Amino acid sequence: MNLLFKALSHPVRRRIIDMLRQGPMASGDIAAAFDMSWPTITGHLNALKEAGLVSPEREGASIRYRLEISAVEEALAFLLALTGARADDPEEEPRT
């Protein structure tokens, strides 16, 4: 879980995750959305992959990344547990 929250702590990685919510994307398309070097984007994608938040799929000469929703759900369940809410009951109010 530590790798997961470390990966989510960076704003660029959160933006990549938000982009992948729309569906799988080629690494080149992801990189084109940012004004930074290819190695920097690759580092962010690798951090997301190591945390289990994305999975790469080779498609011809390119690599497409897909959001792994189960890892996001795991993080959400953990955070909800901290507030006292249950992930299976969205109507329940958090404890204060």
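Refer to the structure printed above.
One structure accompanies this document, and this report is about it.

Conventions we followed
Residues numbered from 1 in each chain as written. Predicted model: local features only at pLDDT ≥ 70, side-chain atom pairs only at ≥ 80, totals over all residues. Heavy atoms only, no water. Core = buried A, V, L, I, M, F, W, Y, C linked by side-chain atoms within 4.5 Å. Buried < 20%, exposed > 50% of the residue type's maximum accessible area, 1.4 Å probe, protein only. Helix = DSSP H or I, 4+ residues; strand = E, 2+ residues; numbered from the N terminus. Arc of directions from axis to C-beta. Contact = heavy atoms within 4.5 Å. Pairing = 2+ DSSP bridges. Axes fitted to C-alpha atoms, helices over the stretch in contact; angles between N-to-C directions. Parallel < 35°, antiparallel > 145°, perpendicular 65-115°, else oblique. Nonpolar A, V, L, I, M, F, W, Y, C, P; charged D, E, K, R; others polar.

A closer look at the nonpolar core
Ile16, Leu20, Ile30, Phe34, Leu48 and Leu53 are the most contacted members of the largest nonpolar core, which totals 21 residues. Here this core gets five residues from one element, more than from any other, and that element is helix H2 (residues 11-20).

Some details on H2
Of all the residues in H2, the buried ones are Val12, Arg13, Ile16, Ile17, Met19 and Leu20. Projected onto a plane normal to the axis of H2, the buried residues spread over an arc of 160° and lie on a single side. Buried residues belonging to H2 abut helix H1 (2-8), strand S1 (25-26), helix H3 (27-32), helix H4 (38-50), strand S2 (54-59) and strand S3 (62-67).

Focus: the pairing of S3
As defined by bridge partners, S1 adjoins S3 across two bridges and the pair is classed as antiparallel. Within the sheet, the bridge partner assigned to Met25 lies in S3 and is Tyr65. Here S2 runs beside S3; their pairing, made up of six bridges, is antiparallel. Opposite Val54, over in S3, you have Leu67 as the bridge partner.

Here's the deal with the environment of Ala47
Examined against the element boundaries, Ala47 turns out to sit in helix H4. In this structure, the C-alpha to C-alpha distance between Ala47 and Ala7, residues 40 residues apart in sequence, is 5.9 Å. Apart from the residues within four sequence positions on either side, Ala47 is in contact with Ala7 and Arg13.

So, the packing of H2 against H4
Viewed as axis vectors pointing N to C, H2 and H4 meet at an angle of 70°, and their least axial separation amounts to 10 Å. With respect to each other, H2 and H4 are oriented roughly perpendicular. On H4, the residues touching Val12, Arg13, Ile16 and Ile17 of H2 are His44, Leu45, Ala47 and Leu48. Partitioned by chemical class, the residues of the contact of H2 with H4 number six nonpolar, one polar and one charged.

Interpretation in functional terms is not warranted from these geometric data alone.
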